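Observations on the model geometry
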Amino acid sequence: MQVRIRIPGCVAPYFRPRIRAVFQAPLEARTAILVRGFAPSRRVRIYPEGWSERTSRFAPEMLAARIAQLRELACQIDRPSISHALVVLCYDSASFLLPEERDRLWRAFGVPIFEQYLDKWNEVLAAECVAHAGLHVKRGCEGLPLDVTPCPCGDPALRLRSTRPRLLRAAVA
Ligand SMILES: [Zn+2]
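The paragraphs below set out a description of the structure included in this document. Predicted model only: the values in this text are computed from it and were never measured.

Conventions and cut-offs
- Residues numbered from 1 in each chain as written.
- Predicted model: local features only at pLDDT ≥ 70, side-chain atom pairs only at ≥ 80, totals over all residues.
- Buried ≥ 20, exposed ≤ 12 C-beta atoms within 10 Å, placed from the backbone.
- Helix = DSSP H or I, 4+ residues; strand = E, 2+ residues; numbered from the N terminus.
- Arc of directions from axis to C-beta.
- Contact = placed C-beta atoms within 7 Å.
- Pairing = 2+ DSSP bridges.
- Axes fitted to C-alpha atoms, helices over the stretch in contact; angles between N-to-C directions.
- Right-handed = clockwise from strand over helix to strand, strands pointing away.

Some points on helix H2 (residues 67-75)
The α-helix advances 3.6 residues per turn, and as a result positions three or four apart in sequence lie on the same side. Residues Ile67, Leu70 and Leu73 constitute the buried set of H2. Summarising the axial view, the buried residues of H2 lie within an arc of 125°, below the 170-degree limit, and thus occupy one face. Projecting away from the buried face of H2 at angles above 90 degrees are the exposed residues Ala68 and Cys75. Close packing links the buried residues of H2 with strand E3 (62-66), strand E4 (85-90) and helix H3 (99-109).

A word on unusual backbone geometry
Of note in this structure, asparagine 122 is not a glycine but carries a positive phi near 70°. In this structure, asparagine 122 sits in the loop between strand E5 (113-118) and strand E6 (124-128). The backbone of histidine 132 shows a phi angle near 50°, a positive value even though the residue is not glycine.

Some remarks on the sheet that holds strand E1 (residues 31-33)
Reading across from one edge, E2-E1-E3-E4-E5-E6-E7-E9-E8 is the order of the 9 strands in this open sheet, with mixed pairing throughout. At either margin of the open sheet sits one strand with a lone partner, and together these are strand E2 (44-46) and strand E8 (146-147). Inspection of the sheet shows E3 paired to E4 by 5 bridges, in the parallel sense. Following the sheet pairing, leucine 63 is matched in E4 by leucine 86. Strands E3 and E4 of the sheet are contacted by H2, whose axis makes an angle of about 120° with E3.

Side note on H3
Listed in full, the buried residues belonging to H3 are Arg102, Leu105 and Phe109. All buried residues of H3 fall inside an arc of 65° around its axis, so they share one side. Exposed residues pointing more than 90 degrees away from the buried face of H3 are listed as Glu100 and Arg107. Residues of H3 that are buried in the fold lie against H2, E4 and E5.

Observations concerning the pairing of E5
Across the 6 residues that make up E5, a large majority, 6, are buried. The side-chain alternation of E5 yields two buried faces, one formed by Ile113, Glu115 and Tyr117 and the other by Phe114, Gln116 and Leu118. The sheet contact formed by E4 and E5 spans 5 bridges and is parallel. Residue pairing across strands places leucine 86 opposite isoleucine 113, the latter belonging to E5. Following the chain from E4 across H3 to the adjacent parallel E5, one finds a crossover that is right-handed. Where E5 and E6 come together, 3 bridges link them in antiparallel fashion. What sits directly across from leucine 118, in E6, is valine 124. Count of turn residues in the E5/E6 antiparallel hairpin: 5 residues, of which asparagine 122 carries a positive phi of about 70°.

What follows is the structure, given as structure tokens:
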């Protein structure tokens, strides 16, 4: 039997439950996320250890990771084969993807890139849409340059700078 002893004036420590963010997927696809702190679901699995045997067995169609992780994977000869998209998770507005890097990743994996700007709890601040014409602002982002022109996707939310990749421009031209 457990006996609970109450000590007057003593407050039990409160542990804030770890809240895991729901991944805002740009496409419906089986997704592996290589960053901790997201909630898993039927289609989404979390692999904080990075790309591994386990991740490979899951055979993700979409891969979400930090730019440094994707850069490293892109350099591997046996790079993961991803069929749908890469989601670049960015936590710092100073390190958004450069157009050259975006092109390099797009070419290396052969799939479109979707960039997401997140806070440290993995909540989306801004996310790239299927038009690849900038990141639609969800909240925050004060002081960052905004694009107020209408987005081809129809979403009226303002966008952070254009991210239109040159590869796509070339394909359209
Ligand atoms: Zn859009």
